[in-house]
Amino acid sequence: MTIWDKFFVVGILLLGSCKKSTDPVQPVIPICHTETGGTSSTPIVWNALPVIPTNQPIFKETEKLYRKSFSAGSYTDGLTQKQYPYTVVADATDKLQFPTDIAQNPVRPNELWVSNYGEVFNGGTFSRKGFTLTVFNPAQANQFSVVRKDKSLATGHFFSFPTSIAFNRDGYWANTSYANNNGNNGPTFWTSDFAVYADSVTYAANGSHNSMLHESLISLGIAADENNTFWVLDGSTGDVVSYNFGKGHYPGGEDHTDGIIRRYGLSEKISPVAGIPSHVCYDPSSKWLYIVDARQQRIIRLKTDSGKPAGGRQGIDNAKEYSTMLATSEVFIDKLPLEVPCGIDTDGTTLYVSDYETGRIGVFDLAKKARIGTIDTKSRGIAGVLLLGNALWFVNSLTHQLIKIAL
C-alpha cells in the first residue's frame, strides 16, 4: 500500500466518524384523528382558546415589507359625478397575489388582513399557494406588511384558494376556500397570534389552525357573528351554513366534537361563478345577513335570528350538532346594475357591492333598496370590500392591489 493509499483510507475513516449535528427537537402536538372528517377518537382536553395579544407583534426585519410611497388619484361616481379620492395602499411589490378579501383585526385595529389565492384559479383543483398578507399601519408613513403561509400540505387543505376572511371581536378569524386536497371542505378557524399562526415548525402536520368543519364543498363567503360563530355561503348546495367552532382544538389538532353546524335554506338557491367569491356581510344591529348572488346579479338576505330547527343531519364531522334550520330569507335587491357582483359590506344604512367584471362599486340605500351611487374604478377584478368609518377599502384580484377610498 502506498502512502497515498494510506491517506485515502484514513480520510474515509474520518469522514465516516463525522456525524451531522442533530436538529433541535421541536414540540410536536399529537394527532387526534385524520383531518378528512369521519369518526373522532376521545377528545383531547383543551380548556379554552388563549387570549389574543393586543400589543403589536415583533417581527424580524427580514419579514417586513416596507411601503415607501403611495400612489393616489380620484374615482368618479358615474351616477352623481362625485369625486372619491383613493390611495393604493399595497400591490404586487408588497407581495399581494390574486387577493380575494380583506378584514380588520379588532383586537389590533392597525392590522388589515388580506387573503390571497397565490396563483391563478385552476378550475377547482386544490392549491398549496394560498397565504395571508397583513398590512400594519395601513396608508401611514410607517406602513409595513408581513406574509404568512402555513405548511404547504396544510395550506392545500385549510387555505386552498381562500375566497374570504372574517374576524370575530376576540381576534380569531376564519376563512372559506373554493376547493381543497381531499374534498372535505369548509371554513377553517385560526388565531391572529403571530407566535402561533403559520408557525410551520412548532405544530403538527395539520399546521397551526384551531379548527375546521367540513360540510361545505365549495365555500364562497364568510361573516363573523358572536361566540366563534361564522356565517358561510355554501356554493355547492346554494344555501347558508352557520358554523360554531366552540372552543376549537389546539393548533394543529383534529378534534371536531365541539362544533355546532346549522344549515339554512334560502328563498333562492345560489350557484357559484367559477373561481370568483360571492361575499356575505352581517349587520349585528338588525341580524340580517346580506348575501351576494354573483350568477343571478342579486342580493339575498337571511334573518339570522329567525331560524327554527327542522331536523338533524348526518355529517362527516363528529360535531356536537348538525341541524337543518327554517328561517326567513328574501331576494333583497333583484337585477343589480352589476355584471358579476362579488364583494359586499354595510354600516346598517348603506350597502356597498363590488362588480368583479366591470370594476364598479354600487352604493345602495338599505331602507329604499335603491342605488344611490356607482364608484367607477375602471379596473376589472374587484373582490372583497371593507367599510371602516369614512373609508371603503377593497382588493383587486387581477391588479393585485389593496386600495382605500375616502368617502
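Quantities reported herein were computed from a predicted structural model and do not represent experimental measurements.

Criteria and thresholds
Residues numbered from 1 in each chain as written. Predicted model: local features only at pLDDT ≥ 70, side-chain atom pairs only at ≥ 80, totals over all residues. Heavy atoms only, no water. Pairing = 2+ DSSP bridges. Helix = DSSP H or I, 4+ residues; strand = E, 2+ residues; numbered from the N terminus. Axes fitted to C-alpha atoms, helices over the stretch in contact; angles between N-to-C directions. Buried < 20%, exposed > 50% of the residue type's maximum accessible area, 1.4 Å probe, protein only. Polar contact = N/O pair within 3.5 Å; in protein donor to acceptor, adjacent residues only side chain to side chain. Phe/Tyr/Trp six-rings, centres within 6.5 Å; stacked < 30°, edge-to-face > 60°. Salt bridge = Lys/Arg side-chain N within 4 Å of Asp/Glu carboxyl O.

A. Structural view of the sheet that holds strand β14 (residues 239–244). Here 6 strands make up an open sheet; going across it, the order is β12-β13-β14-β15-β20-β19 and the pairing mixed. Here the strands that pair on one side only, and so sit at the sheet edges, are β12 (219–224) and β19 (308–312). Direction aside, neighbouring strands of the sheet carry axes that sit 30° apart on average. Where β12 lies against strand β13 (residues 229–234), 5 bridges are found, and the strand directions are antiparallel. Bridge assignment links Ile222 to a residue of β13, and that residue is Val232.

B. Geometry of the sheet that holds strand β11 (residues 211–212). Read from one edge to the other, the open sheet built from 4 strands follows the order β8-β9-β10-β11, with strand pairing classed as antiparallel. Two strands close off the open sheet at either side, each with one partner strand: β8 (162–167) and β11.

C. Molecular detail of the side chain of Thr377. Tracing the sequence through the fold places Thr377 in the loop between β25 (370–376) and β26 (382–388). Residue Thr377 is classed as buried on the basis of its relative accessible area, which comes to 10%. From its side chain, Thr377 meets the backbone oxygen of Gly359 in a polar contact 2.6 Å long.

D. Layout of the packing of aromatic side chains. Taken as a whole and judged by the stated rule, the model has 29 aromatic pairs. Judged by centre distance (5.3 Å) and plane angle (75°), the ring pair of Trp113 and Phe167 falls under edge-to-face. In this pair, Trp113 is assigned in strand β5 (residues 111–116) and Phe167 in strand β8, connecting sequence segments 54 residues apart. You'll find Trp113 and Phe167 in the same group, each marked buried. Through pairs of rings, three or more aromatic residues link up here, namely Phe59, Tyr66, Trp113, Phe136, Phe144, Phe158, Phe159, Phe167, Trp173, Trp190, Phe194 and Tyr197.

E. Main features of the pattern of salt bridges. Counting across every chain of the model gives 17 salt bridges. Taking the shortest distance from any N to any O, the salt bridge between Asp239 and Arg263 comes out at 2.7 Å. Of this pair, Asp239 sits in strand β14 while Arg263 is found in strand β15 (residues 260–264), placing the two residues 24 residues apart along the sequence. Across the salt bridge formed by Lys320 and Asp258, the nearest N and O atoms sit 3.6 Å from each other. With Lys320 in the loop between β19 and β20 (321–326) and Asp258 in the loop between β14 and β15, this pair connects stretches of sequence that are 62 residues apart. On the accessibility criterion, Asp258 (21% relative accessible area) is partly exposed.

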